[in-house]
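Read off the chains here:
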Amino acid sequence: MRNPLAPSWLELPSDANALDASVWSQNAERSADGELVIAGVAATELADRFGTPVYVVDEADVRTRARGIRESFDREFGRIGSRVKVYYAGKAFLSTQVVAWMIADGLNIDASSGGELAVALAAGADPARLGLHGNNKSLAEIDRAVGVGIGTIVIDSLIEIERVADAASRHGRVQPVRLRVNSGVHAHTHEYLATAREDQKFGIPLADVAATVAVIRSHDSLEFLGLHSHIGSQIFESDGFAEAARRLFAVHVELLAGGPVPELNLGGGFGIAYNGSDVALPIDTLAANLADSVAQLAAEFGVAVPVIAIEPGRSIIGPSTTTLYTVGTIKDVLVEGTDTRKYVSVDGGMSDNIRPALYGADYSVRIANRTSESEPALVRLAGKHCESGDIVVHADYLPGDVRPGDLVGVPATGAYGWAMASNYNYLARPPVVAVRDGEARIIVRGETEDDLLSRDAGLEPVSIKDQNK
Ligand SMILES: Cc1ncc(COP(=O)(O)O)c(C=O)c1O
Ligand SMILES: N[C@@H](CCCC[NH3+])C(=O)O
């Protein structure tokens, strides 16, 4: 029976064991005996070998999406006489293995800090295929990026122009740069994920772009590639991107009068489904819509279509990953009248996935070690942290006989999960395991209690003595 406490978007499932294909990774399925199996590796085997929580990355899923985005955009922009450079936004999740996959699949890497740049370099990526972002890059980050021969730097403020130009002169390079513009387009997403509205820290207002580009062009050590726009993240419609392209295009055309502007970067932000009610725009449709918009703009203004760059993160890595947890305690909590919500607590929480607490993100959950015919019950999957807001899944239905010791899987945790993980309450960050063709291997080691303690600087010997006085 439908629980009145369930949010309006959550339907009572006819089968609370079913894996919704729009949310689970491509190679997630139930085995004949009902267990969750991802790319041929059973959930119980993963839990036995790696413990829980564990992030499980379906490698073929990531790579199919990476190639799929590149091919869709290549095809659609090829159709209008242009081409596309795809940068994987490493902030969503980065490890040397992920860098190697992206490079092998023909993508470039967008780093948003010196740390992300270091991972890409450690993986052996050609620096020319890397880009560096950030509203407050340190002098050391700029120097390192320029020094290794990074492909592009996205300039985010007037003051940064001098910093990048100086570094380029010192290294005897001409550094290709883009300029991040605040298009003023309000993306339909969570307030914290909209990056082009007023009163936020990113980019240069449209009105100041011409003057700022003139400063960039006044430096012999800089090469201006074009404008950059990123309106936000987890966006389901193409209108916002098209509107940003329109606003940038008008300035792009003005800038052509002062010199070459070979590129236009439309950023990332393509949304994915986290639960059965989310409907992600198919990448083919998005690519076709954007190509049509850009072709129309070029025709309207009577200029050539520039090379387009995009920076998807979430839409490549997000759907690939499932977090497995073990159920510890269960409580039926009376909420209103006779309506109860089943609180199912697991061995992780906001330290491995902060998104529900930070953005109110709604994930879904399934029992992973078995199926059950028991009547579905409305559950809230809670973590083990000392916070009532420590929720992993606000609302979903699980078979009512869910019990301690069950494994549960939360799909679509690949983006901004591990990447935003913390050690809150001294929990160790879980390992990240890649699965493919029945094989599982660690791509990021989990932390141990010793790792955490090894950072503690220890006690002054004297303080113990004082204490005993
Ligand atoms: C400049 C920039 N590019 C790309 C991305 C990647 O966004 P997403 O992971 O939503 O595709 C972000 C994050 O929102 C960003 O700030
Ligand atoms: N961290 C955000 C996305 C922000 C991306 C960076 N601009 C999320 O989890 O959805």
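The shown structure was predicted, so the numbers you read here are calculated from the model rather than taken from an experiment. (Residues numbered from 1 in each chain as written. Chains lettered and ligands numbered in written order. Predicted model: local features only at pLDDT ≥ 70, side-chain atom pairs only at ≥ 80, totals over all residues. Heavy atoms only, no water.)

Caption draft 1: Summary view of the site of ligand 2. Taken together, 8 residues are adjacent to ligand 2, and Arg314, Arg355, Tyr359, Tyr416 and Met420 come closest. Within the contact set of ligand 2, an oxygen atom lies 2.5 Å away from a side-chain nitrogen or oxygen of Arg355. The side chain of Tyr359 places a nitrogen or oxygen atom 2.8 Å from a nitrogen atom of ligand 2. For ligand 2, whose unbound accessible area comes to 310 Å², protein coverage reaches 83%. Partitioning the shell around ligand 2 into residue classes produces 4 nonpolar, 1 polar and 3 charged. (Near = heavy atom within 4 Å. Polar contact = N/O pair within 3.5 Å; in protein donor to acceptor, adjacent residues only side chain to side chain. Areas by Shrake-Rupley, 256 points an atom, 1.4 Å probe, with all protein chains shown as cover. Nonpolar A, V, L, I, M, F, W, Y, C, P; charged D, E, K, R; others polar.)

Caption draft 2: Structural context of empty space enclosed by the protein. What the rule picks out here adds up to 3 cavities of 30 Å³ or more. Tyr55, Val57, Phe93, Ile317, Thr321, Thr413, Gly414, Trp418 and Val432 are the residues that line the largest cavity. Here the residues of the lining of the largest cavity are counted per class, giving 6 nonpolar, 3 polar and no charged. (1 Å grid on protein atoms, 1.4 Å probe; cavity = no way out; pocket = protein on both sides within 12 Å on 5 of 7 lines; lining within 4 Å. Points joined across faces, edges and corners; volume = space filled by probe spheres on them.)

Caption draft 3: Broad picture of the UniProt feature "binding site: substrate" (unreviewed entry) in the protein. Feature annotation in UniProt assigns "binding site: substrate" (unreviewed entry) to the following positions: Arg314, Arg355, Tyr359, Glu387 and Tyr416. Look at the named residues: they lie 103 residues apart in sequence, and the longest C-alpha span between them is 27.0 Å, so in the fold they stay spread out. Residue position: Tyr359 is located in helix α11 (residues 355–359). The class of Tyr359 is buried, set by a relative accessible area of 17%. Within the secondary structure, Glu387 sits in the loop between β17 (376–382) and β18 (391–399). On the accessibility criterion, Glu387 (38% relative accessible area) is partly exposed. Excluding residues within four positions of it along the chain, Glu387 makes contact with Met350 and Tyr424. (UniProt positions renumbered as here; feature names shortened; annotations may be inferred. Helix = DSSP H or I, 4+ residues; strand = E, 2+ residues; numbered from the N terminus. Buried < 20%, exposed > 50% of the residue type's maximum accessible area, 1.4 Å probe, protein only. Contact = heavy atoms within 4.5 Å.)

Caption draft 4: How the structure looks around the site of ligand 1. The local shell around ligand 1 holds 15 residues, among which His230, Ser233, Glu311, Arg314 and Tyr416 are the closest. A distance of 3.4 Å is found between an oxygen atom of ligand 1 and a side-chain nitrogen or oxygen belonging to Lys91. At 2.9 Å from an oxygen atom of ligand 1 is found a main-chain nitrogen or oxygen belonging to Gly313. In the complex, 93% of the free accessible area of ligand 1, which totals 390 Å², lies under the protein chains. Looking at side-chain class alone, the shell around ligand 1 contains 3 nonpolar, 7 polar and 5 charged residues.

Caption draft 5: Layout of the packing of helix α2 (residues 59–79) against helix α3 (residues 96–104). The contact between α2 and α3 brings their axes to 9 Å, and the two run at 40°. Classified by the interaxial angle, the pair formed by α2 and α3 is oblique. With respect to the hand of their crossing, α2 and α3 are arranged in right-handed fashion. Only Trp101, Met102 and Ala104 of α3 make contact with α2, whose side of the interface consists of Glu59, Val62, Arg63 and Ala66. Here the contact of α2 with α3 is composed, by residue class, of 5 nonpolar, no polar and 2 charged. (Axes fitted to C-alpha atoms, helices over the stretch in contact; angles between N-to-C directions. Parallel < 35°, antiparallel > 145°, perpendicular 65-115°, else oblique. Left-handed = near helix turned anticlockwise from the far one by under 90°.)

Caption draft 6: Looking closely at the pairing of strand β8 (residues 152–155). By the alternation rule, side chains of β8 split into Thr152 and Val154 and Ile153 and Ile155, which are all buried. Across 2 bridges, strand β7 (residues 130–132) lies against β8 in parallel orientation. Of the residues in β8, the one forming a bridge with Leu132 is Ile153. Crossover β7 to β8 through helix α5 (residues 139–148) is right-handed. (Pairing = 2+ DSSP bridges. Right-handed = clockwise from strand over helix to strand, strands pointing away.)

Caption draft 7: Summary view of the environment of Ala118. Take Ala118: it is sitting in helix α4 (residues 114–122). C-alpha separation for the pair Ala118 and Ala244, spaced 126 residues apart in sequence, amounts to 31 Å.

Caption draft 8: Layout of unusual backbone geometry. Each neighbour pair has its own omega, and for Thr52 with Pro53 the value is -5°, a cis peptide bond. Inspection of the secondary structure puts Pro53 in the loop between α1 (43–50) and β4 (54–58). A positive phi angle is found at Gln234, which is not glycine, with a value near 60°. Locating Gln234 in the fold gives a position in the loop between β11 (222–228) and α8 (239–256). Exposure remark for Gln234: the relative accessible area of 11% places this residue in the buried category.

Caption draft 9: Spatial organisation of the sheet that holds strand β3 (residues 41–42). Read from one edge of the open sheet, 3 strands run β1-β2-β3, paired in antiparallel fashion. At either margin of the open sheet sits one strand with a lone partner, and together these are β1 (28–30) and β3. By the bridge criterion, 3 bridges tie β1 to strand β2 (residues 36–38) in an arrangement that is antiparallel. Bridge pairing in β2 places Ala28 opposite Ile38.

Caption draft 10: Representation of α4 in the model. Listed as buried for α4 are Gly114, Glu116, Leu117 and Ala120. Within α4, the buried residues cover an arc of 160° as seen down the axis, which keeps them to one side. At its buried positions, α4 is contacted by α3, β6 (108–111), β7 and α5. The residue sitting at the N-terminus of α4 and contributing the capping side-chain oxygen is Ser113; that oxygen lies 3.3 Å from the backbone nitrogen of Gly115. Looking one or two places after α4, you find Gly124, whose phi comes out positive at around 85°. (Arc of directions from axis to C-beta.)

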